[in-house]
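Commentary on secondary and tertiary structure
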Amino acid sequence: MGVVDSISGSPADKAGLTTGDMVETIRGVATRDMPLAYANMLLAGNRAPRSRSRCWDQAPGAKKITLTRVEIQYPRVNAKLLADEVGYVQAEAMGPATQEEVTAAVTSLEKQGAKRLILDLRHSSTGSPEEGIALANLFLDKGLITYLRGQTVPRKDFTADPAKAITKLPLVC
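Residues numbered from 1 in each chain as written. Predicted model: local features only at pLDDT ≥ 70, side-chain atom pairs only at ≥ 80, totals over all residues. Heavy atoms only, no water.

Some thoughts on the pattern of salt bridges
Inspection of the entire model under this criterion finds 4 salt bridges. Lysine 168 serves as the salt-bridge partner of aspartate 141, at 2.4 Å between the closest nitrogen and oxygen. Here aspartate 141, found in the loop between helix 4 (129–137) and strand 8 (144–148), pairs with lysine 168, found in the loop between strand 9 (156–159) and strand 10 (171–172); they are 27 residues apart in sequence, far enough to count as distant. Exposure remark for aspartate 141: the relative accessible area of 29% places this residue in the partly exposed category. Of the charged contacts in the structure, one is a salt bridge between arginine 155 and aspartate 157, with a shortest N-O distance of 2.6 Å. The partly exposed category is assigned to aspartate 157, whose relative accessible area is 42%. (Salt bridge = Lys/Arg side-chain N within 4 Å of Asp/Glu carboxyl O. Helix = DSSP H or I, 4+ residues; strand = E, 2+ residues; numbered from the N terminus. Buried < 20%, exposed > 50% of the residue type's maximum accessible area, 1.4 Å probe, protein only.)

Written out as structure tokens, the structure is:
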């Protein structure tokens with residue numbers, strides 16, 4: 001199983017796990033054909049903070065890694081006004097407060113004179129689909145955001161709600 005990214009300051013980050021690393025086992029269970037949901041359950045589960053989970057890193061010079069569970073503190077949204085009236089908003093993780101923090105950041109940048117926006121979502125590999133949809137809706141006032149379709153679930157469309165859009169400034173992600 002490959003590591004997509006680790007949240008800054010998280011146990012995985014402190015253990016040195018980074019994008020592209022391969023984890024061979026989690027708690028003695030091979031990850032080769034493991035569904036992501038099961039890996040998440042083994043890593044996070046309903047275990048108390050400070051409990052431990054052992055992993056085996058498959059990288060050259062493979063080593064055992066012990067992760068100590070903690071309550072994750074998601075990085076705050078960063079924002080600044082760049083040259084040429086460009087507002088820069090960086091969200092390193094999708095957490096419960098990300099949508100509100102991005103809203104506050106964009107509002108502040110517009111008051112500072114931003115005429116265009118950059119939304120930097122690099123390293124933002126966490127969060128639920130609902131959090132991503134809510135974030136996208138901040139910048140879309142019409143159209144299809146995404147859809148969900150499963151083998152036994154009919155297609156469900158998620159369309160933009162114009163009342164939730166916070167800006168009409170040009171945006172790049």
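From this point, the discussion proceeds with the structure in view.
Overview of a nonpolar patch on the surface
On the surface, Val70, Ile72 and Tyr74 cluster together into a nonpolar patch covering about 230 Å² of accessible area. Tyrosine 74 gets classed as partly exposed once you look at its relative accessible area, which sits at 37%. (Patch = residues over 30% accessible without salt bridge, like charges linked within 9 Å, V, L, I, M, F, W, Y side chains within 5 Å. Areas by Shrake-Rupley, 256 points an atom, 1.4 Å probe, with all protein chains shown as cover.)

Here's the deal with the environment of aspartate 84
Along the chain, the position of aspartate 84 falls in the loop between strand 5 (78–82) and strand 6 (86–90). The class of aspartate 84 is exposed, set by a relative accessible area of 62%. Linking aspartate 84 and lysine 115, residues 31 residues apart in sequence, is a C-alpha distance of 8.4 Å.

Re the environment of proline 96
With respect to the helices and strands, the residue proline 96 is situated in the loop between strand 6 and helix 3 (98–111). The exposed category is assigned to proline 96, whose relative accessible area is 67%. With 22 residues separating them in the primary sequence, proline 96 and tyrosine 74 have C-alpha atoms 8.9 Å apart. When sequence neighbours within four positions are dropped, the list of residues in contact with proline 96 reads Tyr74 and Glu131. (Contact = heavy atoms within 4.5 Å.)

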